[in-house]
Structures are given as structure tokens and as C-alpha cells.
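These are the residues of each chain, in order.
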Amino acid sequence: MSGITLHLRSECKALEHRSALTPTTTKALLDAGYTVRIERSPERIFDDAEFEAVGATLVPENTWREAPADHIILGLKELPEEDFPLKHVHIQFAHCYKNQGGWESVLSRFPRGNGTLLDLEFLVDERGRRVAAYGFHAGFAGAALALENWAWQLTHSEPFPGVTAYPNETALIADVRKAIAEGAAKTGSQPRILVIGALGRCGSGAVELCRRAGIPEDNIVKWDMAETAKGGPFKEIIESDIFVNCIYLNSKIPSFVDYESLDTADRKLSVICDVSADTTNPNNPVPVYTVATTFDKPTVPVEVKQEPKLSVISIDHLPSLLPREASEAFGNDLLPSLLELKDWKNVPVWQRAEKLFQDKVATLPKEYLQ
Ligand SMILES: NC(=O)c1ccc[n+]([C@@H]2O[C@H](COP(=O)([O-])OP(=O)(O)OC[C@H]3O[C@@H](n4cnc5c(N)ncnc54)[C@H](O)[C@@H]3O)[C@@H](O)[C@H]2O)c1
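Residues numbered from 1 in each chain as written. Predicted model: local features only at pLDDT ≥ 70, side-chain atom pairs only at ≥ 80, totals over all residues. Heavy atoms only, no water.

This brings us to the site of the ligand. Near the ligand lie 21 residues; those nearest to it are C202, D224, T228, V275 and L318. Side-chain polar atom of T228 to a nitrogen atom of the ligand: 2.6 Å apart, as the coordinates give it. Note that an oxygen atom of the ligand is positioned 3.4 Å from one of the backbone N or O atoms of Y248. Burial of the ligand by the surrounding chains reaches 80%, relative to a free accessible area of 870 Å². Looking at the shell around the ligand, the elements with two or more residues in it are α6 (201–212) and α7 (225–228). (Near = heavy atom within 4 Å. Polar contact = N/O pair within 3.5 Å; in protein donor to acceptor, adjacent residues only side chain to side chain. Areas by Shrake-Rupley, 256 points an atom, 1.4 Å probe, with all protein chains shown as cover. Helix = DSSP H or I, 4+ residues; strand = E, 2+ residues; numbered from the N terminus.)

What follows is the structure, given as C-alpha cells:
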């Protein structure tokens with residue numbers, strides 16, 4: 001037996017149905033000798049009974065606070081905004097390493113309680129590549145909403161309505177196929193989609209959704225670094241029906257599209273899905289909108305002088321549209337690292353995460369450590 005107990009928190013963020021552990025990964029951890037405690041959760045996409053069925057111990061919500069100090073607390077999103085010092089090792093996305101507003105209060109709770117944060121966003125292999133990320137399902141969900149919005153705009157005058165999480169991919173793809181058929185009946189042809197960043201995680205998810213929705217291969221235009229090297233704005237974007245931006249932005253690059261390039265009678269483009277969602281980044285290569293949209297109100301219109309209408313989807317939590325598959329994929333990628341937790345202080349992937357935590361703690365202003 002490993003002697004290690006993992007405790008899965010119930011997420012407290014509204015509408016967060018994803019889960020850091022799935023019944024499948026829980027079973028693998030139990031088989032490896034870990035004790036796994038799962039907080040009951042009304043929001044999680046997996047039923048409590050699915051965890052019970054694989055042999056996990058179910059415990060009431062919020063009991064992580066009183067768990068013995070050597071239990072490792074697993075979660076996905078932020079903890080509730082409170083102030084008490086944290087005594088456990090926490091594995092989660094804490095969003096406090098990039099000078100986000102209030103980062104000092106979030107981070108300082110760990111050193112004040114002698115706890116440790118091992119942040120999932122910065123869990124990287126020896127080449128610096130993330131061990132587990134949600135990109136694939138972000139692109140998959142973004143392309144699905146883009147296709148639905150394309151069809152909606154052809155058949156309705158009001159903006160594309162709010163959407164809620166799907167129980168599974170099959171249900172989403174059925175809806176997208178129906179929408180495409182309605183749109184194609186209006187235009188007489190299948191939509192043409194240009195995906196930039198097509199070789200990455202988000203981009204490959206976007207391409208896969210298009211294929212599974214039945215878009216012919218010739219209508220799925222896949223661009224990555226080689227194709228954008230010539231520098232934008234690109235007329236190929238304007239000539240497509242849908243543009244899905246999936247790049248990882250790390251420097252200033254020429255815009256892919258701008259107001260001037262949109263102002264032409266040749267424009268077919270009616271939907272942009274900015275999966276990268278660098279909305280407030282001054283280097284955003286899609287500078288034709290300024291707000292992050294949400295599942296409640298998925299689109300924002302772009303001020304264009306000519307028909308057709310153009311709208312942007314800029315949701316920054318797209319994988320939540322498919323909580324089951326997104327959790328399964330993320331969980332499978334995370335599992336090998338979780339299986340090494342029994343000796344985590346001597347395992348490079350966790351050592352790197354702890355070193356980063358200590359480095360960030362060292363930058364905390366003194367007044368936060370009292
Ligand atoms: N909206 C959401 O819900 C959501 C969810 C997950 C990730 N993201 C964001 O999506 C972005 C991409 O993430 P990822 O995991 O797919 O990254 P990734 O590194 O796997 O892929 C990025 C791809 O973009 C390409 N690329 C970079 N610069 C380019 C350029 N100038 N021209 C053409 N291609 C270029 C790269 O070659 C690579 O293939 C990140 O900014 C990430 O934060 C958004």
C-alpha cells in the first residue's frame with residue numbers, strides 16, 4: 001500500500017461540472033494502493049454512484065478542510081474566497097502565478113498554513129510541455145459553437161442563444177449536424193472553415209469536430225506557423241465562412257484580421273471563434289472585438305459596414321461545454337503523474353511544480369505572510 005490518501009474536493013465554482021478525477025482514474029489509483037476519498041457533489045458530471053461503484057469512499061462536501069494534514073487535496077478550480085491558512089498539499093488550478101488580481105491573498109494562504117500548491121497549469125514534463133491540458137476539447141467545443149452560430153445567423157435575425165453543457169459528445173455532434181444541414185439548405189453549400197494553430201491541441205480538436213460533423217475535408221483549411229509566416233491580414237480568412245483561431249500567442253505578430261480587411265464586398269466570413277481568447281492582450285491578432293463572451297450569451301457582434309453580419313465567440317472556458325469527455329481526456333493525461341504521488345518529493349514533475357511554488361512564494365510581499 002502507498003499509504004497516501006487523495007481527497008477530491010467538490011468544485012465550488014458555479015456551473016463547473018468538470019472533475020479532476022474520473023471514475024476510471026479513481027479505479028487506477030485504488031488499484032495502485034492509494035486511498036481515494038471523493039466528496040459528494042451535486043454539480044459534477046459524474047454521479048457519486050459512479051465513484052462508489054469503483055470502490056472509492058464517498059465523503060460529505062467540504063470535508064477537505066478537516067482532513068488529516070497528510071492527505072493530498074485534489075480539485076480543479078479556485079477554492080472559495082476565504083482567508084484561513086491552508087495546511088495540505090493542494091493540486092489544482094489556482095490562477096495566482098501570473099500577477100492576477102488578488103494573487104497575493106490566494107498564494108499566501110499556503111505558506112501561512114505550511115501547505116503547498118502544486119498548480120496543474122504549470123505541471124510540465126522535462127521539455128517544458130504541459131502534462132495535462134484542456135486544449136483539445138476547447139477547440140472541439142469552439143468549432144461546434146462556431147458552426148451552430150453560422151447556421152443560426154443564416155436562419156434567424158436575433159443573436160445565437162445561450163447554451164448549456166452537453167451530457168456527451170454524441171449529443172453535441174447531433175446538434176451540430178442538424179444545424180449545418182439547415183445552414184447548407186440556405187446557402188446551397190457546406191461551410192468553409194479556416195483553423196489557425198491547426199497543429200496544436202485546440203486546433204486539432206477544432207479540426208476533429210469539423211470532421212465528425214461531416215464537413216468535407218476540402219472545406220477544412222488547416223493553417224499553422226508555415227502558412228501565417230507571410231504575415232496578415234489574410235484574405236483567406238475573409239473568403240472563409242468561419243475562422244477559428246487556436247494559436248498559442250507568445251509575441252507580437254501582424255493581425256490575422258482587422259477592421260480594414262473586413263471592409264470588402266468579397267467577405268464571406270460571418271463567424272469568428274477565438275479559442276485562444278487573448279481578448280485583453282494588446283497583441284491579440286484578432287483585434288475586432290473587446291469582450292469575453294459566455295455560454296449564456298455566446299456571441300458579440302463585430303461592427304462591419306457591409307453584409308453579412310459578423311459575430312465573435314470568445315468564451316474562455318469552452319471545455320465546460322463537454323464536461324464528461326474533457327474530464328476523461330484531462331484525467332487520463334494526468335494519471336501517470338498522479339500514480340507517482342506516493343513519492344512526489346522525489347519525482348521530477350512534482351519537484352518542478354514545488355520549486356515553482358517556492359519561487360512564487362518568495363516573491364510575496366512580507367505583509368501577506370504574517
Ligand atoms: N477558450 C478556451 O476555453 C481555451 C481552453 C484551453 C486553451 N485555450 C487557449 O488556446 C491557446 C492554444 O492552446 P493549445 O493548448 O492548443 O496550444 P498548443 O501549443 O498545443 O498549440 C498552439 C498552436 O499554435 C501554433 N501557432 C503559434 N503561433 C502561431 C502563428 N503565429 N501562426 C500560426 N500558428 C501559430 C503553434 O505552432 C501550435 O501548433 C492558448 O492560448 C490557450 O490558453 C483556450
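Contact pair helix α1 (residues 23–31) / helix α10 (residues 323–338): the axes reach a minimum separation of 9 Å and the direction vectors enclose 15°. On the basis of their axis angle, the class for α1 and α10 is roughly parallel. Considering only the axes of α1 and α10, their crossing is right-handed. For the pair formed by α1 and α10, the contact residues are T24, T25, A28 and L29 on the first element and E328, G331, N332, L335 and L338 on the second. Counted by class, the contact of α1 with α10 contains 4 nonpolar, 4 polar and 1 charged residues. (Axes fitted to C-alpha atoms, helices over the stretch in contact; angles between N-to-C directions. Parallel < 35°, antiparallel > 145°, perpendicular 65-115°, else oblique. Left-handed = near helix turned anticlockwise from the far one by under 90°. Contact = heavy atoms within 4.5 Å. Nonpolar A, V, L, I, M, F, W, Y, C, P; charged D, E, K, R; others polar.)

So, about α6. In a regular helix each residue adds 1.5 Å, so 12 residues correspond to 16 Å; α6 covers 17 Å between its end C-alpha atoms and thus fits that length. Burial in α6 covers these residues: C202, G203, G205, A206, V207, L209 and C210. Buried residues in α6 make contact with α4 (135–155), α5 (169–187), β7 (193–196), β8 (220–223) and β9 (242–245). Once α6 finishes, G214 follows within two positions and takes phi at roughly 90°, a positive value. (Expected span 1.5 Å × (residues − 1). Buried < 20%, exposed > 50% of the residue type's maximum accessible area, 1.4 Å probe, protein only.)

What the 6 strands build is an open sheet, ordered β8-β7-β9-β10-β12-β11; its pairing is mixed. Both outer strands of the open sheet, β8 and β11 (299–301), are each paired with one neighbouring strand and no more. Taken pair by pair, the neighbouring strands of this sheet meet at an average axis angle of 20°, ignoring direction. Set on the sheet, α4 makes contact with β7, β9, β10 (271–274), β11 and β12 (311–313); between it and β10 the angle comes to about 160°. (Pairing = 2+ DSSP bridges.)

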